[in-house]
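# Close look at the chain arrangement
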Amino acid sequence: MKTAQFLSKYKKQTNGSDRFLFFAPGRVNLMGDHTDYTGGYVLPAAISSGTFLFVRLLPQDEIRLTSENLGEHKTISPEAFSKRQNSWTDYPVGVLNELEKRGWKKQGMELVYFGDIPMNAGLSGSASMEMVTAFAMNTIFELGISAKELALLSQKAENDFVGVQCGIMDQYTIAFARPEHALMLDCHALEHREVPVSLDGYQFVAVNSNVDRALVSSGYNQRVKELHEVRKVINTFFEVPYLGSLTGEDNEWLDKLVEDPLLKKRLRHVVNENTRVSLAAELLEQQKTELFGKLMYDSHDSLAYDFEVSCRELDVLVKLASQVEGVAGARMTGAGFGGCTLNLVKTDAVAGFQRKVMMDYKKETGLEASVFPLSFKGEIREITN
Ligand code: GLA
C-alpha cells in the first residue's frame, strides 16, 4: 500500500465525531547520537515521512489494532491491556496505558496504522507510532496534556512497556519539530531552539544499509548501563549531576579518573559528541557546509570506534560516500547497529552518488542499499477533510 492509497481509503471515512485521521513524522538526527540519555545535546529534524493513524471509536471495550504495512490485525481485550505482547502493538498499547494513568478513560477503538518510513531504518518509526497515538488521544478526548508531557509519557511507554531504555530525542522531536527546521535540543533542560535545516546547494540524503537489526535493543540498553557505570566512577571523586553536562575541555582530567579502557572510550564519545552538537548547530546557522561535513565524519568515527554502535555495513557506506565527488560529510544516524547513514551531498551530485554507492555497496557487502533524499516537511497534526 502506498501513502496515497491509504489516504484515499481512510480520509473519506473521517467525520470528526467518531472517526479521525492523524499523522506524526519520523526524524533524522543530524548530530549527537547516544547523548540524549546523558542529558546532553542533539540536533534532530522531523522528516516528511511518518506514521498515519485512523481511529474509529467502538461501543465495545476491546482495542482493535491493524498494521496496514504488515497486514496484521490484533485485538487487545481489557484483561490483556496492561500486558506486554512482544509485538508492534506494544508501542501504541504502552502509550494507552500511560494515558490511562493521566486520566484517559479506557474506550473501545479501532486503530489502523500505516507508516511510510522505511521499517527498521533508524528513522524513528516506533516513536512516531507512539506519538501519533498520544497526540490522537489527547485531541479526540480533549485531555489537555502538553506536548512535552506527551513526549515524556511516550518515552516512558517505550522504557517501561516495550523495555528499551531510550532517551527523549525522538518523541520530543516529533512533538515539537516544525517543517524545514532542526531542533538544537538540550535533553536535560528539555528546551530547544530552532535551526533552519538547509545548506545552500546541498541536500541531506539517507542511505539505508538494510542490515538485520536484531542487536539494537540489547546493544542500546548495554550502552545505557555502561554510561551509568561511568557516572558512578566519576561520582566517587566528585558529584557530576549528569554526564551530558561535561564538555570537551574536561576530557583530559576525566581520562585520568576513569581507568577501565572500555568505559574511557564510552565517556570520550559522549563528551566529544556533545561538544560537536553545539558546534554543528552554529555551523548550520552560518552555512558552513564543509566544516559541518567534517564534523559528520568525526561523529561517525566516534560512534564506530569509541561508542561501538556502528557495524561493518554502516562503515562501508560512510567510506563509499567519502569517495564520491560532491559529498561534504557522512555519518550513521540514530541508535546504530544497522539502519541508515546520513549524507550531505551537493544537489547536482545526488544522482551520481546514488548510483555509485548502491553499486559499490552491493559489491562489498552483497546487500542492496536504498538511497532516499530527505525532505523536512513533517509535522504532527490531525488530518481533516
Ligand atoms: C534511539 C533512541 C534515542 C537516541 C538514539 C541515539 O533513536 O530512541 O533516544 O538515544 O537512539 O542517539
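A short tour of the structure in this document, coming up. Starting from 1, residues in each chain are numbered consecutively following that chain's sequence as written. Since the coordinates come from a predicted model, pLDDT governs what is reported: local features require at least 70, and pairs of side-chain atoms require 80 or more to be given and counted, while whole-chain, interface and lining totals use all residues. Note that water and hydrogens are dropped before the side-chain values are worked out from all heavy atoms of the structure.

Take the overall build of the chain next. Within the chain one finds 11 helices and 13 strands. Atoms counted for the radius of gyration: C-alpha only. Globule rule: 2.2 Å times residue count to the power 0.38. Against the globule reference of 21 Å for 385 residues, the chain gives a C-alpha radius of gyration of 21 Å, in line with a compact fold. Seen along its three principal axes, the alpha-carbon backbone of the chain occupies a region of about 60 × 55 × 40 Å. Counting only residues that meet the buried cut, the chain has 55% of its 385 residues in that class. Contacts are assigned to residue pairs that have any heavy atoms within 4.5 Å of one another. Across the chain, contacts joining residues at least 24 apart in sequence account for 73% of those joining residues at least 6 apart. Per the convention used, a helix needs a DSSP run of H or I reaching at least four residues, while a strand needs a run of E reaching at least two, with both numbered from the N terminus. A simple rule labels every residue: compare its accessible area, found with a 1.4 Å probe on the protein chains alone, to the largest value its type can have, and call it buried under 20%, exposed over 50%, or partly exposed in between.

Turning our eyes to something else, we now look at the nonpolar core. Throughout, nonpolar core names a set of buried Ala, Val, Leu, Ile, Met, Phe, Trp, Tyr and Cys residues whose side chains join them through atoms within 4.5 Å. Within the largest apolar cluster, 47 residues are counted, with the highest numbers of intra-cluster contacts made by Val 55, Ile 63, Leu 96, Met 109, Leu 111 and Met 137. In this view, Ile 63 contacts Lys 74, Thr 75, Ile 76, Phe 81, Leu 96, Trp 104, Gln 107, Met 109 and Leu 111; residues no more than four positions away in its chain are not counted. Counting 30 residues, the second largest nonpolar core, distinct from the first, contains Val 195, Val 277, Leu 295 and Ala 328.

Moving on: the sheet that holds strand β12 (residues 370-373). Two strands make a pair as long as DSSP finds a minimum of two bridges between them. If you trace the 4 strands from one edge of the open sheet to the other, you get β10-β11-β9-β12, paired in antiparallel fashion. The outermost strands of the open sheet, each flanked by one partner alone, are β10 (327-332) and β12. Going from strand to strand, the sheet's axes swing by 20 degrees on average, the running direction of each strand aside. Contacts between helix α9 (residues 289-306) and the sheet are confined to β9 (202-208), β10 and β11 (340-346), with β10 contributing the most and set at about 25 degrees to the helix. Every axis in this analysis is a line fitted to C-alpha atoms, fitted for helices over the stretch in contact. Angles between the N-to-C directions lie between 0 and 180 degrees.

Okay, the layout of surface pockets next. Once rolled over the atoms, a probe with the size of a water molecule shows which space is left empty. Size it by volume and the largest pocket reaches roughly 1,200 Å³. The rule is simple: put a 1 Å grid over the protein atoms alone, call a set of points where a 1.4 Å probe fits but cannot get out a cavity, call an open set with protein on both sides within 12 Å along at least five of seven lines a pocket, and count a residue as lining if it has an atom within 4 Å of a point. Lining the largest pocket are 48 residues, and of these Tyr 91, Asn 120, Gly 125, Ser 126 and Arg 213 sit closest to its centre. Sorting the residues of the lining of the largest pocket by element identifies β5 (72-76), α2 (90-101), β6 (109-115), α3 (125-140), α4 (147-162), α5 (169-176) and α6 (216-235) as the ones contributing at least two each. Considering each element in turn, the lining of the largest pocket owes the most residues, 4 residues, to α3. Partitioning the lining of the largest pocket into residue classes produces 21 nonpolar, 17 polar and 10 charged. Quantified by volume, the second largest pocket comes out at close to 240 Å³. Contributing to the lining of the second largest pocket are 13 residues, with Tyr 37, Thr 38, Val 224, Leu 227 and His 228 lying nearest its centre. Secondary-structure elements contributing two or more residues to the lining of the second largest pocket are α4 and α6. The nonpolar class holds Ala, Val, Leu, Ile, Met, Phe, Trp, Tyr, Cys and Pro. Asp, Glu, Lys and Arg form the charged class, and all remaining residues, Gly among them, are polar. Looking at the lining of the second largest pocket, its residues break down into 6 nonpolar, 6 polar and 1 charged. Grid points are joined across faces, edges and corners, and a volume is the space filled by probe spheres set on the points.

The next point concerns the site of the ligand. In the region of the ligand, the neighbouring residues are Arg 27, Asp 33, His 34, Asp 36, Tyr 37, Cys 166, Gly 167, Met 169, Asp 170, Tyr 220, Gly 334 and Ala 335. Contacts to the ligand include His 34, whose backbone N or O atom sits 2.8 Å from an oxygen atom. Tyr 220 is positioned such that a nitrogen or oxygen atom in its side chain is 2.5 Å from an oxygen atom of the ligand. Bound to the protein, the ligand loses 93% of the 310 Å² it would expose on its own. The rule for placing a molecule in a cavity or pocket is simple: more than half of its atoms must lie within 2 Å of the grid points. Among the cavities detected, the one that contains the ligand is the largest pocket. Residues of the shell around the ligand, tallied by class, amount to 5 nonpolar, 3 polar and 4 charged. What makes a residue near a molecule or strand is one non-hydrogen atom of that residue sitting within 4 Å of it. Counted as a polar contact is a pair of N or O atoms within 3.5 Å, where, for protein atoms, one must be capable of donating a hydrogen and the other of accepting one, and residues adjacent in sequence contribute only when both atoms are in side chains. What sets the accessible areas is the Shrake-Rupley method with a 1.4 Å probe; for residues, cover comes only from the shown protein chains.

Before going further, it helps to spend a moment on α9. Side chains of residues three or four places apart in an α-helix project in the same direction, reflecting 3.6 residues per turn. Helices are assigned an expected span. That span is 1.5 Å times one less than the residue count. With 18 residues, α9 should reach 26 Å at 1.5 Å per residue; the first-to-last C-alpha distance of 25 Å fits that figure. Among the residues making up α9, those that are buried are Thr 289, Phe 292, Gly 293, Leu 295, Met 296, Ser 299, His 300, Ser 302, Leu 303, Ala 304 and Asp 306. Contacts made by the buried residues of α9 are with β9, α8 (261-285), α10 (312-322), β10 and β11. Note on α9: the residue one or two positions beyond its end, Glu 308, has a positive phi of about 50 degrees.

Residue placement: Ser 124 occurs in the loop between β6 and α3. Judged by relative accessible area, which is 6%, Ser 124 ranks as buried. Look past the residues within four positions of Ser 124 in its chain and what remains in contact with it is Gly 26, Arg 27, Ile 117, Asp 170 and Ile 174.

Moving on to the packing of aromatic side chains. Classification of ring pairs rests on two measures: the distance between centres of Phe, Tyr or Trp rings, Trp counted by its six-membered ring, which must be within 6.5 Å, and the angle between planes, read as stacked under 30 degrees, edge-to-face over 60 and tilted in between. Taken as a whole, this structure holds 15 aromatic pairs when the rule is applied. An aromatic cluster is present here, built from Phe 6, Tyr 10, Phe 23, Phe 52, Phe 54 and Phe 114 joined pairwise through their rings. The aromatic ring of Phe 307 is capped on one face by Arg 266, whose charged end is 5.9 Å from the ring centroid. Think of it as a cone above the ring: NZ of Lys or CZ of Arg counts as a charge over the ring if it is within 6 Å of the ring centre and within 35 degrees of the ring normal.

Another aspect to go through is the side chain of Ser 154. Its place among the elements puts Ser 154 in helix α4. Ignoring anything within four residues of it in the chain, the contact list for Ser 154 reads Val 95, Glu 130, Met 131, Ala 134 and Gln 171.

Read these as spatial facts, not as claims about activity.
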